[in-house]
Amino acid sequence: MAALRAAGAALLRPRAGPAPAALGYHKKVVDHYENPRNVGSLDSKAKNVGTGLVGAPACGDVMKLQVEVDENGKIVDARFKTFGCGSAIASSSLATEWVKGKTVDEALKIKNTDIAKELCLPPVKLHCSMLAEGAIKAALADYKLKQDPNRESDKKADNA
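A quick note: this is a predicted structure, and the numbers were derived from the prediction, not measured. (Residues numbered from 1 in each chain as written. Predicted model: local features only at pLDDT ≥ 70, side-chain atom pairs only at ≥ 80, totals over all residues. Heavy atoms only, no water.)

Peer 1: Would you mind showing me how to read the environment of Lys-117 here?
Peer 2: Inspection of the secondary structure assignment puts Lys-117 in helix α5 (residues 112-119). For Lys-117, a relative accessible area of 69% gives the class exposed. (Helix = DSSP H or I, 4+ residues; strand = E, 2+ residues; numbered from the N terminus. Buried < 20%, exposed > 50% of the residue type's maximum accessible area, 1.4 Å probe, protein only.)

See the structure below:
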């Protein structure tokens with residue numbers, strides 16, 4: 001009986017080294033997951049805010065990314081909310097950091113491969129960086145649509 005108690009106590013004792021959740025993830029992913037940057041929402045009704053909502057049905061990840069653009073076309077703020085794995089959260093967090101301070105055109109040049117490389121994502125997690133790129137593009141498309149009311153009415157007419 002004493003041997004069983006000793007074995008049980010050993011199982012409950014914390015292990016030295018990285019937390020189990022961190023195993024297999026690069027330290028950059030863990031950092032963005034444990035300390036996500038720019039979590040939250042912006043006023044989606046504001047004319048200078050673009051909102052992108054993308055998802056991957058295969059894995060259940062959903063990403064909302066918003067950008068606020070000033071009168072000179074520079075992204076002054078970015079926020080995200082993500083439902084998904086650590087790599088999806090890290091990709092969203094990094095994307096918001098990267099778009100801030102860029103012009104709309106510069107932000108459109110951010111590629112999923114750049115995000116994946118920065119976070120050292122394994123091939124099985126590349127879809128997370130693809131979602132982040134898609135969210136950036138969707139948010140900027142929404143922003144551009146709000147800047148040209150004629151395009152919005154054209155789109156509504158096409159959907160009628």
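Peer 1: Help me out: how do you make sense of a nonpolar patch on the surface in this one?
Peer 2: Among the surface-exposed residues, Leu-53, Val-62 and Phe-83 lie close enough to one another that they form a single nonpolar patch of about 340 Å² accessible area. The topology assignment puts Phe-83 in strand β3 (residues 75-83). By relative accessible area, Phe-83 is classed as exposed at 63%. (Patch = residues over 30% accessible without salt bridge, like charges linked within 9 Å, V, L, I, M, F, W, Y side chains within 5 Å. Areas by Shrake-Rupley, 256 points an atom, 1.4 Å probe, with all protein chains shown as cover. Salt bridge = Lys/Arg side-chain N within 4 Å of Asp/Glu carboxyl O.)

Peer 1: Explain the packing of α5 against helix α6 (residues 126-147) to me, please; I cannot follow it from the model alone.
Peer 2: How two helices sit against one another is set out by the angle between their axes and by the gap between those axes. It is at 8 Å that the axes of α5 and α6 come closest, and there the two elements cross at 130°. Taken together, α5 and α6 sit at an angle that is classed as oblique. Of the two elements, α5 crosses α6, and the hand of that crossing is right-handed. Facing α5, whose interface residues are Asn-112, Ile-115 and Ala-116, α6 presents Leu-126, Ser-129, Met-130, Ala-132 and Glu-133. Partitioning the contact of α5 with α6 into residue classes produces five nonpolar, two polar and one charged. (Axes fitted to C-alpha atoms, helices over the stretch in contact; angles between N-to-C directions. Parallel < 35°, antiparallel > 145°, perpendicular 65-115°, else oblique. Left-handed = near helix turned anticlockwise from the far one by under 90°. Contact = heavy atoms within 4.5 Å. Nonpolar A, V, L, I, M, F, W, Y, C, P; charged D, E, K, R; others polar.)

Peer 1: Please explain the pattern of salt bridges as it appears in this structure.
Peer 2: If the charged atoms of two oppositely charged side chains come close together, the side chains can form a pair. According to the stated counting rule, one finds seven salt bridges in the structure shown. The shortest N-O distance in the salt bridge between Arg-37 and Asp-31 comes to 2.7 Å. Exposure remark for Arg-37: the relative accessible area of 22% places this residue in the partly exposed category. What makes Asp-31 partly exposed here is its relative accessible area of 31%. When salt bridges with common partners are traced through the structure, they connect Asp-31, Arg-37 and Glu-97 into a single cluster.

Peer 1: Where do I start with unusual backbone geometry in this structure?
Peer 2: Glycine aside, a negative phi is what most residues show, and trans is what most peptide bonds show. Of note, the phi angle at Asn-38 is positive, near 65°, even though the residue is not glycine. Topologically, Asn-38 is positioned in the loop between α2 (27-34) and β1 (49-56). For Asn-38, a relative accessible area of 14% gives the class buried. The phi angle at Cys-120 is positive, at roughly 55°, despite the residue not being glycine. Relative to the elements of secondary structure, Cys-120 occurs in the loop between α5 and α6.

Peer 1: I would appreciate a short explanation of α6 in the present structure.
Peer 2: Residues spaced three or four apart along an α-helix face the same direction, because each turn holds 3.6 residues. End to end, α6 covers 32 Å across 22 residues, agreeing with the expected 32 Å (1.5 Å per residue, within 8%). Inspection of α6 places Cys-128, Ser-129, Leu-131, Ala-132, Glu-133, Ala-135, Ile-136, Ala-139, Leu-140, Tyr-143, Leu-145 and Lys-146 among the buried residues, and these make up the whole buried set. (Expected span 1.5 Å × (residues − 1).)

Peer 1: Explanation requested: the side chain of Asp-61 in the structure shown.
Peer 2: Counting through the fold element by element, Asp-61 comes out in strand β2 (residues 61-69). In this structure, Asp-61 is buried with no salt-bridge partner, the nearest side chain bearing the opposite charge being Lys-125 at 6.1 Å. Looking at Asp-61, its side chain comes within polar contact range of the main-chain nitrogen of Cys-85, at 3.3 Å. For Asp-61, the side chain forms a polar contact with the side chain of His-127, separated by 3.4 Å. Among all residues touching Asp-61, those that are not within four sequence positions of it are Val-54, Gly-55, Ala-56, Phe-83, Gly-84, Cys-85, Ala-88, His-127, Cys-128 and Leu-131. (Lys, Arg positive; Asp, Glu negative; His and termini not counted. Polar contact = N/O pair within 3.5 Å; in protein donor to acceptor, adjacent residues only side chain to side chain.)

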